[in-house]
Each structure stands twice: as structure tokens, then as C-alpha cells.
Amino acid sequence: MLEINSIDVYYGPIQALKSVSMTVAEGSIVTIIGANGAGKTTALKTISGLLRPRGGGVSFQGTDITRLRPDKIVALGISHVPEGRRIFPELTVLDNLEMGAYLRHDKKAVQRDIEMIFARLPRLNERKTQMAGTLSGGEQQMLAIGRALMSQPKLLLMDEPSMGLAPLLVKEIFAMIEEINRNGTTILLVEQNAHLALSIAHQAYVLETGQIVLSGPAHELAHSEDVKKAYLGG
Ligand code: ATP
């Protein structure tokens, strides 16, 4: 579904990704694990068109998206749940969800999708007129995911959904990610919580200082001595 072919990404003179290649098969959960600053966020931002690679390219369902604008990439079916949620704090929960559908014109279907998200996440339903900035961290993460689903993505990019959340909530969020995947959405998940990410993913990539150093089926990586030592606490 997604092919990243040898991309080089820079911030000014600093090279953040060095000839990174990855594939994401339709229907799967793929995870990118790695330490702080390895380049995980940079990879997601490059896919969603927020950063431009200096070399290499990205294609989605056979279309070259390397130089497309972010809104065109959303329209093709890629949605991004950014690191730190980035919901609109001064808007209500309902308005945030509606913003996620800003490219859609099928008003009735948008309404139906909002109802579906509320049915799945009753806590958001109870707070639909509340300002999003007043939600708890876990509720904000659910809202950010709900908002991303409103564009009806085929591929969902998720950047550190567990960040700053209590263990119980993290479990809830990961169960939600698996459910979204079971319902047919392909997922590319960036996580520092390697243990959890490898437990739900099919395929995994390990990124170290801008380079892929290891990749394979997630259950194999979970048992690799190198991964255990570096990312799973021994
Ligand atoms: P984290 O888990 O801490 O978010 P990450 O793996 O997502 O880390 P990136 O945020 O992609 O890492 O950063 C990769 C490298 O690029 C780091 O060395 C970082 O300092 C650098 N970098 C990121 N954003 C910028 C920027 N706007 N300007 C300059 N350098 C940047």
C-alpha cells in the first residue's frame, strides 16, 4: 500500500533520515520503534507531506505522493495523528471531529461517522460540548484519533499515541488501534513503548540515528537479542 523508497530528509544541514526504505502492506499494522531523535516523527511527517525529502520518494497505492500537498495526501486516504495530539483546545469535542472531515462534502455520512465515533467512545459523547483543551490526556488522545478517522483514512499514521498516558489508558488506546485495524484501516505506528508496539504490530522497523538497522515480523524482533537489549530493557 505504501512504499518509501530510499528517502533522505534534512533539517537545514542536519540529515535526519538517511536512505530510509519501508513498505506497509494493506491491512497490516506496521511499527517504527527507536530511541529519542532517531527520526521516527520525521518519517511520518515526510509521508504526510509536511516535510519534503531531498532524495528518494514515497508512493501510496501506486501514486507518487512525494511532492503532493498535505491536503491532497489526506484526500488520497492518509491521515496523521500527530505527536502530542494537537487537538484544537478552544473548540468543542464535536467541532474538533467536524474539523477532521473538512475535505468531505457528504454531510449525512459525516454525521453518521460522528455518531459512530461517539458510540465507540462514550466518554467523548458525554463531553461533546466541552472545550477540547479541558479534556484529560487520554480523552484528548481518543479525540485526536477520532478526528483523524473523520477523513475516512485507508492508512492511519500514529505518532506516539502512548505518550504521557497512564498504563491503563495506554492499554485502552492500543485496544482501540487494534479495533481500527480490524475494521480495515492500515496502520503505521511510531512508538517509544517498543514492547507494546511489537505486541500489536505485524511488521516492525528499528530506526537508529536516521537509518533502518533492523526490520522483520514484529514477533521475531520482539525476541531478537539486539532489540531486547536496546529497547525492551534486557
Ligand atoms: P522523538 O521520539 O524524541 O520524537 P524521533 O525519533 O521522532 O524522536 P525526530 O523528531 O524525527 O525523532 O528527529 C530526528 C532528528 O532531527 C533529531 O536529531 C532532531 O533533533 C532533528 N530535528 C527534528 N526536528 C527538527 C527541526 N525542526 N529542526 C532541526 N532539527 C530537527
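Keep in mind that what you see is a predicted model, and the values were worked out from it rather than measured. Within each chain, residues carry numbers counting from 1 in the order of the written sequence. With the structure being a predicted model, the display of local features is reserved for residues of pLDDT at least 70 and the display and counting of side-chain atom pairs for 80 or more, all residues being used for whole-chain, interface and lining totals. With hydrogens and water set aside, each side-chain value is computed from the structure's full complement of heavy atoms.

(A) View of the site of the ligand. Surrounding the ligand, one finds 13 residues, the nearest of these being Asn-36, Gly-37, Lys-40, Thr-41 and Thr-42. For the purposes of these results, a polar contact is taken to be a pair of N or O atoms within 3.5 Å, where, inside protein, one atom must be able to donate a hydrogen and its partner to accept one; residues adjacent in sequence count only when each atom of the pair is a side-chain atom. Take Asn-36: an N or O atom from its side chain is 2.8 Å from an oxygen atom of the ligand. Within the contact set of the ligand, an oxygen atom lies 3.2 Å away from a side-chain nitrogen or oxygen of Glu-83. The accessible surface values rely on the Shrake-Rupley method and a 1.4 Å probe; as for residues, cover is taken only from the protein chains in view. A total of 630 Å² of accessible area belongs to the ligand in isolation, and the protein chains cover 62% of it. Broken down by element, the residue count for the shell around the ligand peaks at three residues, all from helix H1 (residues 40-47). Along the lines of polarity and charge, the residues of the shell around the ligand split into four nonpolar, six polar and three charged. Near residues are defined by distance, with any heavy atom within 4 Å of the molecule or strand qualifying the residue. In this description a helix means any DSSP run of H or I spanning at least four residues, a strand means any run of E spanning at least two, and both kinds are numbered starting from the N terminus. Each residue receives one of three labels: charged for Asp, Glu, Lys and Arg, nonpolar for Ala, Val, Leu, Ile, Met, Phe, Trp, Tyr, Cys and Pro, and polar for the others, Gly being one of them.

(B) A look at the domain arrangement of the protein chain. Domains are outlined according to an automatic or database domain assignment. Its domain assignment divides the protein chain into domain 1 (2-77 + 153-232) and domain 2 (89-152). Of note, the centres of domain 1 and domain 2, computed from C-alpha atoms alone, are 24 Å apart. Contacts are assigned to residue pairs with any non-hydrogen atoms lying within 4.5 Å of each other. On the domain 2 side, the residues contacting the 17 residues of domain 1 number 14 residues. A 1.4 Å probe defines the accessible area here, and the buried area is the portion of it lost by two parts on being joined, summed over both. Carbon and sulfur atoms make up 73% of the area that domain 1 and domain 2 hide from each other, which totals about 1300 Å².

(C) Spatial organisation of the pattern of salt bridges. Salt bridges are identified by distance alone: a Lys or Arg side-chain nitrogen within 4 Å of an Asp or Glu carboxyl oxygen. In the structure shown here, the tally under the stated rule is eight salt bridges. The residue Arg-69 makes a salt bridge to Asp-71 at a minimum N-O spacing of 2.7 Å. Here's how the labels work: a residue is buried when its accessible area is under 20% of the maximum for its type, exposed when over 50%, partly exposed in between, all with a 1.4 Å probe on protein chains only. Accessibility expressed as a relative area gives 22% for Asp-71, which makes it partly exposed. Across the pair Arg-104 and Asp-106 runs a salt bridge whose closest N-O atoms are separated by 3.1 Å. One salt-bridge network, in which partners are shared between bridges, spans Arg-104, Asp-106 and Asp-113.

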